[in-house]
Amino acid sequence: MQGLLGQRLSGKRALITAAGQGIGRATALRMAAEGAEVLATDVDGDLLADLAGQGMTTRVLNVLDPGAIAAIVEEAGRIDVLFNCAGVVHAGDILKSTEDDWNFAFDLNCKAMYRMMRAVLPGMIGQGSGSIINMASVAGPITAPVNRFIYSASKAAVGGMTKAVAQDYVKQGIRCNAVCPGTVDSPSMHQRLRDTGDYEAALAAFIGRQPMGRIGTAEEIAALVAYLAADESAYTTGQLIAIDGGWTI
């Protein structure tokens, strides 16, 4: 794979959250293949075991723990790329939501990103460069799927944070962008389908709303994240980039 992709991330050090599975894992593998020095983190250390054998540094990280965030950033030293991938999807409309669900979603989808960005920014400012990539969604910043009230609200906040950081630090060499996927094949997606009680019907509905007639892959999202990490995207900041198979055309 390295020969095909080249080494456009050579010399860059990337910190990735939720790297144990899904988009986070695909991105860790993609960045490593492109030459980055990857620090892959996840709350579940078992999910990281095989990544350690593929040339990456792995660490258990609970992004809800401010002390753990501070420790991992201090250990990492120079960080050129931060990919904030950790998050949770809640189903339901406003009347089915609870304050506990709301608080957890905003803690994980928003406050954790806030803390991660706040932790890495001083170092990036000091070195005069850095790329922060946040996991948003088409849900919230761009559209509002049914029964995704809390999720859409939290991901809309991610979009706002992304633009604010991009605006505030554009003159200091820092870029901040967000990827906004549509429906993507991942372990969490399959769990949500099972949670409906009718996996096959839910899967058909997910596919049916995609104009391309298929669900996206984690590797397709990883390719976009890798591009935003690379110097090729040096003129891109403050953008919420939809990658959704035409869902939001």
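Summarised in this report is the structure supplied together with it. As the structure is a prediction and not an experimental result, all values here were calculated from the model. (Residues numbered from 1 in each chain as written. Predicted model: local features only at pLDDT ≥ 70, side-chain atom pairs only at ≥ 80, totals over all residues. Heavy atoms only, no water.)

## Points about the overall build of the chain
Check the secondary structure of the chain and you find 9 helices and 7 strands. Expressed along its principal axes, the backbone C-alpha trace of the chain runs to roughly 50 × 40 × 35 Å. By residue count, 45% of the 249 residues in the chain fall in the buried class. Taking contacts inside the chain between residues at least 6 apart in sequence as the whole, the part at least 24 apart equals 71%. (Helix = DSSP H or I, 4+ residues; strand = E, 2+ residues; numbered from the N terminus. Buried < 20%, exposed > 50% of the residue type's maximum accessible area, 1.4 Å probe, protein only. Contact = heavy atoms within 4.5 Å.)

## Describing the nonpolar core
By size, the foremost hydrophobic cluster in this structure holds 61 residues, and its most contacted members are Met-31, Val-38 and Ile-132. The leading source of residues in this core is helix 5 (residues 99-127), at 9 residues. Apart from residues no more than four positions distant in its own chain, Met-31 is found in contact with Leu-9, Ala-14, Ile-16, Ala-36, Val-38, Val-81, Val-225 and Ala-229. (Core = buried A, V, L, I, M, F, W, Y, C linked by side-chain atoms within 4.5 Å.)

## Quick word on the packing of aromatic side chains
Under the counting rule described, the total for this entry stands at 2 aromatic pairs. On the numbers, 4.4 Å between centres and 25° between planes, the contact of Trp-102 with Phe-106 is stacked. Of this pair, Trp-102 and Phe-106 both sit in helix 5, 4 residues apart, which is roughly one turn of that helix. The class for Trp-102 is partly exposed, based on a relative accessible area of 33%. When its relative accessible area of 21% is taken as the criterion, Phe-106 is described as partly exposed. Among the aromatic residues, those joined into a cluster by ring pairs are Trp-102, Phe-106 and Phe-149. Lying over the aromatic face of Phe-206, Arg-209 brings its terminal NZ or CZ to 4.4 Å of the ring centre. (Phe/Tyr/Trp six-rings, centres within 6.5 Å; stacked < 30°, edge-to-face > 60°. Lys NZ or Arg CZ within 6 Å of the ring centre and 35° of its normal.)

## What about a nonpolar patch on the surface?
A cluster of nonpolar side chains, contributed by Ile-94, Leu-95, Trp-102 and Phe-149, occupies part of the molecular surface with about 430 Å² of accessible area. Structurally, Leu-95 can be placed in the loop between strand 4 (81-84) and helix 5. By relative accessible area, which is 78% here, Leu-95 ends up exposed. (Patch = residues over 30% accessible without salt bridge, like charges linked within 9 Å, V, L, I, M, F, W, Y side chains within 5 Å. Areas by Shrake-Rupley, 256 points an atom, 1.4 Å probe, with all protein chains shown as cover. Salt bridge = Lys/Arg side-chain N within 4 Å of Asp/Glu carboxyl O.)

## Describing helix 6 (residues 149-169)
Along its 21 residues, helix 6 runs 31 Å from first to last C-alpha, staying within 8% of the 30 Å computed at 1.5 Å per residue. Turning to helix 6, its buried residues number three or more, namely Ile-150, Tyr-151, Ser-152, Ser-154, Lys-155, Val-158, Gly-159, Met-161, Thr-162, Val-165 and Ala-166. Looking at the buried positions of helix 6, the neighbouring elements they touch are helix 5, strand 5 (130-135), strand 6 (174-181) and strand 7 (240-243). (Expected span 1.5 Å × (residues − 1).)

## Observations regarding the environment of Gln-7
As for its position among the elements, Gln-7 is in the loop between helix 1 (2-5) and strand 1 (13-16). For Gln-7, a relative accessible area of 41% puts it in the partly exposed group. In this structure the C-alpha to C-alpha distance between Gln-7 and Glu-34, which are 27 residues apart in sequence, comes to 4.5 Å. There is a polar contact of 3.2 Å between the side chain of Gln-7 and the backbone oxygen of Ala-33. (Polar contact = N/O pair within 3.5 Å; in protein donor to acceptor, adjacent residues only side chain to side chain.)

## Observations concerning the sheet that holds strand 3 (residues 57-60)
Spatially, 3-2-1-4-5-6-7 is the arrangement adopted by the 7 strands of the open sheet, whose pairing is parallel. Two strands lie at the open edges of the sheet, namely strand 3 and strand 7, each paired on one side alone. Taking the axes of each pair of neighbouring strands and ignoring which way they run, one obtains an average angle of 20° across the sheet. Two elements, strand 1 and strand 2 (residues 37-42), share 4 bridges in a ladder whose sense is parallel. Paired with Arg-13 across the bridge in strand 2 is Glu-37. Relative to the sheet, helix 6 contacts strand 5, strand 6 and strand 7, its axis offset from that of strand 6 by approximately 160°. Of the strands in this sheet, strand 4, strand 5, strand 6 and strand 7 touch helix 9 (residues 218-229), which is tilted by about 170° from strand 6. (Pairing = 2+ DSSP bridges. Axes fitted to C-alpha atoms, helices over the stretch in contact; angles between N-to-C directions.)

## Thoughts on the environment of Ile-133
Counting through the fold element by element, Ile-133 comes out in strand 5. The spacing of Ile-133 and Met-189 is 56 residues in sequence and 21 Å in space, taken between C-alpha atoms. Sequence-distant contacts of Ile-133, defined by excluding residues within four places in its chain, comprise Val-81, Leu-82, Phe-83, Asn-84, Asn-177, Val-179, Val-225, Leu-228 and Ala-229.

## Notes on helix 8 (residues 199-208)
Of the residues making up helix 8, those classed as buried are Ala-202, Leu-203 and Phe-206. Looking straight down helix 8, one finds that the buried residues subtend no more than 100° of arc, so they occupy a single side. Those residues of helix 8 that are exposed and angled more than 90 degrees off the buried face are Glu-200 and Gly-208. Elements that come into contact with the buried residues of helix 8 comprise helix 7 (187-195). (Arc of directions from axis to C-beta.)

Limitation: the analysis is restricted to geometry and does not speak to function.
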